[in-house]
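As a plain string of letters, each chain reads:
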Amino acid sequence: MSRPALALVILVAGACGPKQGPTGGGGGGNSSGSGSSSDAPLTRAECEQMIDHVLEIGMAEQRAQKPAEYVPTQEQVTKIREKLAAEQLEPCLAWPRPVWECTVAAVTVSALYACAAEP
């Protein structure tokens, strides 16, 4: 399990500078649950869902708090997502299911940090 990995995902999702180019559209997220047992190991699809969810929360917070020119374009978001998946997919597979469940249920960056801090 890697709580630092969750914190890194949160930080990367929220650490974007000014965009370069036209305003990008926002992607929608999907929070469908899997109904898996609490002891079952996480799947790649579940970890991808978590990455998308964390990125969606980070982007929503940026859109609400920053001027439009400081919010990443859709192209930049796609690159961020690719980087997150490359760096965090494997560590996520080792997370305990309750941490994943907390993460995908979170609706704010603060709630994501709370998930990362849970024992």
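Not measured: the values here are computed from a predicted model.

Draft legend 1. Main features of the state of the cysteines. A full pass over the atoms with the stated rule returns two disulfides. In the protein chain, the bonded cysteines, numbered by position in the sequence, are linked as 1-2, 3-4.

Draft legend 2. Representation of the pattern of salt bridges in the model. Applying the stated criterion across every chain yields a total of four salt bridges. The salt bridge involving arginine 97 is made with glutamate 46; its shortest N-O contact spans 2.9 Å. Here the residue arginine 97 occupies a position in helix H4 (residues 97-105), and glutamate 46 occupies one in helix H2 (residues 44-65), the gap between them amounting to 51 residues. The exposure class of arginine 97 is buried, given its relative accessible area of 3%.

Draft legend 3. Examining the environment of proline 91 more closely. The residue proline 91 is located in helix H3 (residues 74-93) in this model. Taking the C-alpha atoms as reference points, proline 91 and cysteine 47, separated by 44 residues in sequence, lie 9.1 Å from one another.

Draft legend 4. Helix H5 (residues 109-117), seen in detail. The complete set of buried residues in H5 reads Val109, Leu112, Cys115 and Ala116. Down the axis, H5 shows its buried residues gathered within 110° of arc, on one side only. Exposed residues lying more than 90 degrees from the buried face of H5 are Ser110 and Ala117.

Draft legend 5. Broad picture of the confidence of the model for the protein chain. Of the residues in the protein chain, 66% reach a pLDDT of 70 or more, and the chain-wide mean stands at 77. The element-level mean pLDDT for the protein chain is lowest in helix H1 (residues 3-14), coming to 56, with H4 highest at 94. Here residues 15-36 scores under 50 on pLDDT; set against residues more than four positions off or in separate chains, the count is 39 contacts.

Draft legend 6. Molecular detail of the packing of H2 against H3. It is the contact of H2 with H3, at a shortest axis distance of 9 Å, that shows an interaxial angle of 135°. Between H2 and H3, the angle falls in the class oblique. In this structure, the crossing between H2 and H3 has a hand that is right-handed. Here Arg44, Cys47, Glu48, Met50, Ile51, Asp52, Leu55 and Met59 of H2 come into contact with H3, specifically with Val77, Ile80, Arg81, Leu84, Ala85, Gln88, Leu89, Glu90, Cys92 and Leu93. Residue composition of the contact of H2 with H3, by class: twelve nonpolar, one polar and five charged.

Conventions we followed
- Residues numbered from 1 in each chain as written.
- Predicted model: local features only at pLDDT ≥ 70, side-chain atom pairs only at ≥ 80, totals over all residues.
- Heavy atoms only, no water.
- Disulfide = S-S within 2.5 Å.
- Salt bridge = Lys/Arg side-chain N within 4 Å of Asp/Glu carboxyl O.
- Helix = DSSP H or I, 4+ residues; strand = E, 2+ residues; numbered from the N terminus.
- Buried < 20%, exposed > 50% of the residue type's maximum accessible area, 1.4 Å probe, protein only.
- Arc of directions from axis to C-beta.
- pLDDT = per-residue confidence, 0-100.
- Contact = heavy atoms within 4.5 Å.
- Axes fitted to C-alpha atoms, helices over the stretch in contact; angles between N-to-C directions.
- Parallel < 35°, antiparallel > 145°, perpendicular 65-115°, else oblique.
- Left-handed = near helix turned anticlockwise from the far one by under 90°.
- Nonpolar A, V, L, I, M, F, W, Y, C, P; charged D, E, K, R; others polar.

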